[in-house]
Each structure stands twice: as C-alpha cells, then as structure tokens.
Amino acid sequence: MPKYVVEKLALHVSPIELQKTLTETMQGCRLSLHVHPGSKKNEIVGMHGDALKIKITAPPEDGKANEAVIRFLAEVLDLPRARISIIRGQTSRKKVVEIRKS
C-alpha cells in the first residue's frame, strides 16, 4: 500500500482496517469511501463496512459534497487537490477516489 496515504490515514483508522479500503494501482491507489454530507464538521469517523466513512459539511447538491471530499482528503493527506479525483459514485454516498502518485 502507498506509504504516504497509510501514514496519514492511520491517525484516524487502524492500518489493518485500511487494508480493506485501499487498493494499489499503477497510478497510485484507490480508496473506497462512504460519505455523509451535510454534517456539522469535516472528519474521518472510522469504517463503514469495507469503506472509510467521512463526514462532510457541504450539502449533497450541485457537486458541492464531491468537491468538499476532494478538498478534505487533500488536506488530510497533505497533497495537491489535482492528485485526487472521484472515479466512481459522483451521485452516491459510496465513492471510489483515486490518489495519484504524482
């Protein structure tokens, strides 16, 4: 698994649980998420099945929550937003995010 992602997310979830949600790819890795939009604050709250559960303050309309997910993950992982993209689940709570190496 990509060390730079595991190190940052291990502050919120155990590395063993992260193995369920992270998949390494040639470009970097993919992270399965369960997103709860419209929350009081942005935070990682643990696991939801085989997905990392995060709460986002943005409402689930007009792509605002998706942009907030990317912005929040970029902040948590200390990466540029351009390296993070939602590749599946744009209109769903279940999303797959790709985090590129560079």
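As the structure is a computational prediction, the values presented were derived from the model and not from experiment.

K.L.:
Explain the overall build of the protein to me, and be specific about the residues and the numbers.
P.N.:
Counting its regular elements, the protein contains three helices and six strands. Listing each helix as α and each strand as β along the protein from the N terminus yields α-α-β-β-β-β-α-β-β. If you take every contact in the protein between residues at least 6 apart in sequence, the share linking residues at least 24 apart comes to 41%. Across the protein, the 18 positively charged side chains and the 11 negatively charged ones have centroids separated by 2 Å.

K.L.:
Summarise the pattern of salt bridges; cite the residues concerned and give the values.
P.N.:
Tallying each qualifying case throughout the model produces six salt bridges. A salt bridge links Glu7 to Lys3; the shortest N-O distance between them is 3.8 Å. Placement of the pair is Glu7 and Lys3 together in helix H1 (residues 3–9), with a separation of four residues, close to one helical turn. Residue classification places Glu7 among the partly exposed residues on the basis of a relative accessible area of 46%.

K.L.:
Go over unusual backbone geometry with me, naming the residues and quoting the values.
P.N.:
Of note in the backbone geometry, Asp62 takes a positive phi value of approximately 55° without being a glycine. Here Asp62 lies in the loop between strand E4 (51–55) and helix H3 (64–77). The phi dihedral of Asp78 is positive, around 55°, even though this residue is not glycine. By secondary structure assignment, the location of Asp78 is in the loop between H3 and strand E5 (84–88).

K.L.:
Describe H3, naming the residues involved and giving the relevant values.
P.N.:
Along its 14 residues, H3 runs 20 Å from first to last C-alpha, staying within 8% of the 20 Å computed at 1.5 Å per residue. Of all 14 residues that make up H3, 10 are buried, and the element is covered over most of its length. Within H3 the residues assigned to the buried category are Ala65, Asn66, Ala68, Val69, Ile70, Phe72, Leu73, Ala74, Val76 and Leu77. If you follow the buried residues of H3, they end up packed against H1, strand E2 (28–36), strand E3 (43–48), E4, E5 and strand E6 (94–100).

So, how was this worked out
- Residues numbered from 1 in each chain as written.
- Predicted model: local features only at pLDDT ≥ 70, side-chain atom pairs only at ≥ 80, totals over all residues.
- Heavy atoms only, no water.
- Helix = DSSP H or I, 4+ residues; strand = E, 2+ residues; numbered from the N terminus.
- Contact = heavy atoms within 4.5 Å.
- Lys, Arg positive; Asp, Glu negative; His and termini not counted.
- Charge placed at Lys NZ, Arg CZ, Asp CG, Glu CD.
- Salt bridge = Lys/Arg side-chain N within 4 Å of Asp/Glu carboxyl O.
- Buried < 20%, exposed > 50% of the residue type's maximum accessible area, 1.4 Å probe, protein only.
- Expected span 1.5 Å × (residues − 1).

Just geometry here; none of it tells us what the structure is for.
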